[in-house]
Each structure stands twice: as C-alpha cells, then as structure tokens.
Amino acid sequence: MPDRAEGGSAPAMESGVIDALAAEGRDDLSEADQIRVQAVTRPAANFSKAEKFEAMSGGAGTSIASVNQDSFSQFSANITFAEEETFKLGNALFRKLWVSSPSSTQASDGLGPLYNARACQTCHLKDGRGHPPDGSADATSMFLRLARAPKTAEEQAAIAAHEVLNFPDPVYGTQLQDSAVPGLPAEGQMKVSYTETPVVLAGGETVFLRKPHYSIDKPGYGALDEATTLSPRVTQAMGGLGLAEAIHSADILTNADPDDKNGDGISGKPAAVRDPASGKLTLGRFGWKAQSATVRQQSANALAGDIGISSPDAKRSHGDCTAAQTACLALADGVQPRLGDTEAPDPVLNLITFYSENLAVPARRKAGFAETLAGKKVFYETGCIACHVPKFVTRRDAANKAHAFQLIWPYSDFLLHDMGEGLADGQKVGEASGSEWRTPPLWGIGLTKTVSGHTFFLHDGRARNLTEAILWHGGEAAKARDRFAALEKADRQALMTFLESL
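Residues numbered from 1 in each chain as written. Predicted model: local features only at pLDDT ≥ 70, side-chain atom pairs only at ≥ 80, totals over all residues. Heavy atoms only, no water.

Moving on, we come to the pattern of salt bridges. This structure, assessed with the given rule, holds 24 salt bridges. For Arg 36, the salt bridge is made with Asp 33, and the minimal N-O distance between the two is 3.4 Å. With a gap of 3 residues between them, Arg 36 and Asp 33 both fall in helix α2 (residues 31-40), about one helical turn apart. When the shortest N-O distance is used, the salt bridge between Glu 196 and Arg 464 registers 2.9 Å. Of this pair, Glu 196 sits in strand β4 (residues 189-200) while Arg 464 sits in the loop between α12 (448-452) and α13 (466-471), and the two are 268 residues apart along the sequence. Several salt bridges converge on common partners, so that one network encompasses Glu 51, Glu 54, Arg 364, Lys 376 and Lys 391. (Salt bridge = Lys/Arg side-chain N within 4 Å of Asp/Glu carboxyl O. Helix = DSSP H or I, 4+ residues; strand = E, 2+ residues; numbered from the N terminus.)

Between helix α11 (residues 370-381) and helix α15 (residues 489-501), the shortest axis-to-axis distance is 7 Å and the interhelical angle comes to 100°. Taken as axis vectors, α11 and α15 run roughly perpendicular relative to one another. Judged by residue contacts, Glu 371, Thr 372, Ala 374, Gly 375, Lys 376, Val 378 and Phe 379 of α11 engage Asp 491, Gln 493, Ala 494, Leu 495, Thr 497, Phe 498, Leu 499 and Ser 501 from α15. Looking at the contact of α11 with α15, its residues break down into 7 nonpolar, 5 polar and 3 charged. (Axes fitted to C-alpha atoms, helices over the stretch in contact; angles between N-to-C directions. Parallel < 35°, antiparallel > 145°, perpendicular 65-115°, else oblique. Contact = heavy atoms within 4.5 Å. Nonpolar A, V, L, I, M, F, W, Y, C, P; charged D, E, K, R; others polar.)

All told, the structure shown has 1 disulfide when counted by the stated rule. Across the disulfide from Cys 321 sits Cys 328; the S-S distance is 1.7 Å. Residue Cys 321 is classed as buried on the basis of its relative accessible area of 13%. Distance from the sulfur of Cys 120, which forms no disulfide, to the nearest cysteine sulfur (Cys 123) is 8.2 Å. In this model Cys 387 remains outside any disulfide bridge; the closest cysteine sulfur is found in Cys 384, 8.9 Å from its own. (Disulfide = S-S within 2.5 Å. Buried < 20%, exposed > 50% of the residue type's maximum accessible area, 1.4 Å probe, protein only.)

Looking now at the nonpolar core. Membership of the largest hydrophobic core comes to 48 residues, with the highest contact counts inside it found for Leu 303 and Ile 307. Of all the secondary structure elements, the ones that give two or more residues to this core are α3 (81-95), β1 (114-115), α6 (241-245), α7 (249-254), α8 (295-307) and α10 (348-357). Among residues more than four places away in sequence, those in contact with Leu 303 are Cys 120, Gly 308, Ile 309, Ser 311, Ala 344, Leu 349 and Ile 352. Of all hydrophobic cores here, the second largest spans 47 residues; its members include Leu 201, Trp 409, Trp 437 and Leu 458. (Core = buried A, V, L, I, M, F, W, Y, C linked by side-chain atoms within 4.5 Å.)

As a further point, take unusual backbone geometry. With an omega of -5°, the peptide bond between Ser 101 and Pro 102 qualifies as cis. With an omega of 20°, the peptide bond between Asp 346 and Pro 347 qualifies as cis. Among the secondary structure elements, Pro 347 is positioned in the loop between α9 (326-329) and α10. One non-glycine residue with positive phi stands out, namely Asp 127, at about 60°. Assignment of secondary structure puts Asp 127 in the loop between α4 (120-123) and β2 (142-147). Notably, Lys 218 is not glycine yet its phi reads approximately 55°, a positive angle. Structurally, the position occupied by Lys 218 is in the loop between β5 (206-217) and β6 (229-234).

The next point concerns the side chain of Thr 342. Along the chain, Thr 342 turns up in the loop between α9 and α10. With residues near it in sequence (within four places) discarded, Thr 342 still touches Ser 310, Ser 311, Pro 312, Lys 315 and Val 335.

Once that is clear, we can look at the confidence of the model for the protein. Per-residue confidence for the protein gives a mean pLDDT of 94, with 95% of residues at or over 70. Under a pLDDT of 50 for its full length, residues 1-13 has, in the predicted model, 40 contacts with residues more than four places off or in other chains. (pLDDT = per-residue confidence, 0-100.)

A separate point is the environment of Ala 39. Tracing the backbone through its elements, the reader meets Ala 39 in helix α2. Distance in space between the C-alpha atoms of Ala 39 and Ser 193 is 49 Å, their sequence separation being 154 residues.

Moving on, we get to α15. With 13 residues, α15 extends 19 Å between its outermost C-alpha atoms, agreeing within 8% with the 18 Å of an ideal straight helix rising 1.5 Å per residue. For α15, the set of buried residues is Arg 492, Ala 494, Leu 495, Met 496, Thr 497, Phe 498, Leu 499 and Ser 501. (Expected span 1.5 Å × (residues − 1).)

For the coordinates displayed, the defined rule picks out 9 aromatic pairs. Ring geometry for Phe 75 and Phe 87: centres 5.6 Å apart, planes at 70°, overall edge-to-face. With Phe 75 in the loop between α2 and α3 and Phe 87 in helix α3, this pair connects stretches of sequence that are 12 residues apart. For Phe 75, a relative accessible area of 27% translates into the label partly exposed. For Phe 87, a relative accessible area of 3% gives the class buried. Members of the aromatic cluster, connected to one another through ring pairs, are Phe 75, Phe 87, Phe 94 and Tyr 355. In this structure, Lys 289 packs its charged tip against the face of Trp 437, placed 4.2 Å from the ring centre. When the ring centre of Phe 405 is taken as reference, the NZ or CZ atom of Arg 396 above it lies at 3.7 Å. (Phe/Tyr/Trp six-rings, centres within 6.5 Å; stacked < 30°, edge-to-face > 60°. Lys NZ or Arg CZ within 6 Å of the ring centre and 35° of its normal.)

Here it is, written out as structure tokens:
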C-alpha cells in the first residue's frame, strides 16, 4: 500500500495556503454572530431529546416532502419562485440525453466519442447513490478511475504546484469508458469479483465482509500501462452540495490536524486544489478524494469525463480521448460556433450547476424517538463524530441567499483521512494518498434504499449495508470500528436506527 511518505506522493497542503485560509476565521460574522455559531455547533451533551432544529438537516432549505423515490430530487425549500424556474431548467439539462456528432439536433450533439453515460441522470439516478454491477452487467453508476504516480522530477513538481492531480494512462486516459459512438471500440468493461471474510461481533453475530477484485474485460486498445492503478468509484448522492460549498473554509480547517498534534489518532488533512475559474489554490471539498473545490468544477469534470461534453471550465470536446486514440480524435465533435466554443456553453453549465447546488436535503425521520437518541449517544461515544462532524453554520455572505447562515447537519468534516489498507486503492489524487478518502456526508443516508433501491455503501459499493460499511473502517477509524464491534447487539441496532434516521 502506498504511504504518504513514499517517493511520488504529493506534499502536504502548502503552508501559505492553509495559513491564509485559516487566518480568515469567520470573517463573515460579527462578534455576536460568532458567539451564536459557536454555541449552536457545539457537540451534543444531552441525549434525552433532539437538539433544536435537528430534524432540519439542510436548514431552511430542508425538504419536508413525503418520503418516496423522489426524496432526493426536491429543490431547496427556501429558493425564490424565479429560482425554481432556473432549477427546473437545470433539471431538464441534467436529464438530457446527448447524441453523437454530427446530428440534426445540434444543441444536443457531441457525445463522447468515448463515454460512460449519455446523461448526468443516468449515473445519478433519482439524484441518489450509485451501485456496483452486483449480479448484473449494469455498471452505469460506477466506473474505474485510471491514474499513476509521478515518475520524474518534472511530474513531481507539477503535482507539488497543484497543476495536476496525478497522471492518466497514456492510452486509456483518466477513466475507463465502457461505451463509444458507432464505429469506435469502447475501452473495455469493468470486471469485479469478491472474496468474503467473516468478522465476529460481540455476542457471537458473524458478518461477512466482501473484498472486491477489479480487472478490465475485453480492453479495446491493448494493455494498460503497468503503472496504472484502478480505482472504482460509485456516484454519490447529490443533496446539499450548495450548502457544503457555503461552509466557511475556516470552520473546516478548525477540525484539521494533519500531524495529529492532539494525539487522538485522527489526522484530518485538508486538500488544496486549483480552482479552474480563478486559477487560485483553494480548499477541495467534493469528490471521494476532495479533488474539487466547487460544485461547478465537479459538474464540468463530470460532463467532460463521463459524457465527453466540453464546457467553459473543461474545454475537452473529445472528452477523455488521448493522443494514442487517433480514431477517437478524428471524429467530429459537437461544438457549434454560433452557440459558443464548447458543446455545453453557458448558460448550460450554469444551469446544471444551479440544479446541483440546490437539490434539497430531506428532513430527518424520528429524530426525537428514544431509540434514535440512544443510537445518537452510541454514535458520539464510539468516536464517530471525530470525522463525521455533525453540524456547521454556513457563511453569511454565501453567493446564494438560500445557502447563507444556515444551521446544517452534514455529518462530515470534508477532510481527508487515512482509512487503512483494507480500503486503500493505491491511487494518489492530489493531496490524497492511496489510502486517504474524504469523509462522506451522512445526511440522507437512511433513504438510500427508498430512493436508489439498494444499500451499497463506501466508494466502491462493497458494503451491502451500514454494518459492513462501519466494519470496513480502518486506519484512523480503527478504534471507532473496534468499539462498534464490541457493542452489545441492542446498542448496535440503536446506532443503525440513528443512521437510518439521517
């Protein structure tokens, strides 16, 4: 397993950047507001009743719509009537099926030529969580990232300067595309198999953890480079992204302790990434490895990498085609000069971004019930909140008023943590080593079955339920995992009840 101290790993976040972001403090707040924020975000100490506003996970934007398969697809409750129209236009573009070029539908062509999906909604079905091809060939909502570590001093310098996150396979690029336009071979199909290992919990209950093994079936362009690593990624649920972006960097950095100076074994590390819009270094907070700073950046990269559609922030009209894939590069793209210099010019990217930023977080269920509160107490006592930080208050000066000064409950610190060898993919992404992952938010996790029709969790969906997901935690989370495994069955069930209420 690669170690962050090994040659080829990215250096820690530049001290000048982290110091500048931390030094901001809550520069958006008055002294009185600062006192209020500190009080309301203090960890719970009383588990006899729900905290004030605890059921409103997304603040005033929380969706209180009936629980059903559309629970993740509601717009934030506090956006304006005019913004509802913008949201719905963005939703239409999110669902739009792109077609190959040339086409009579010139505003919709440019697909691929190599791609994983024809629409954003294909991977983020019902705006929910993706799944592995379990028992079927459907890998639409999961794909393989392809990357290698730097080999030369120049490549090391490029990563240190945050010019690149890592280096793609010279033939297959940054991810495996399992689909292609007519006349072009696809890159191959992801193949996954599992081996199972039993874990015995307190009281004698046995849980089987399945370890995945990945390969590529029917590679269309020869063998991958021997240095290329495969990192499986399932799509994440979409709710609350705009609120997460509105968390002040200083509040996230407050929880960072990359050198574990307090000796608690938790070393949350911030990720520095380059904002393509400004060119400045800023805090990464989106993606499995915190590789994106903004929802817009994440959206642009997904359009280019997953669908092969260029936009103002990712001007790659041939998507992930590499110089070695000459047949791919020779095909027509969908750029229409009368519409702009990209296939998804503004306002297309703007609308998709607005939609993604304003998908509401659903309200909690049974937040004040006795068993839920008992599980919450277990969640705190086992140490889960060290990484899954319960709450924040967003910036007063957020770009969208709907996201401003909201008490939100994402249950994430948005930092990188070493999760141990069991979850390591060996793939370094910017600041993140091969065993480090960003803490995923837990809000909405209890509705995964309702919305997405499954209960697969973690970055590759290996966990078939929440119990397995917890037991896969290692590295910095090993102590919390061991405390969970040692709990009496009733306490473990109470913890599940709490998680399912989120």
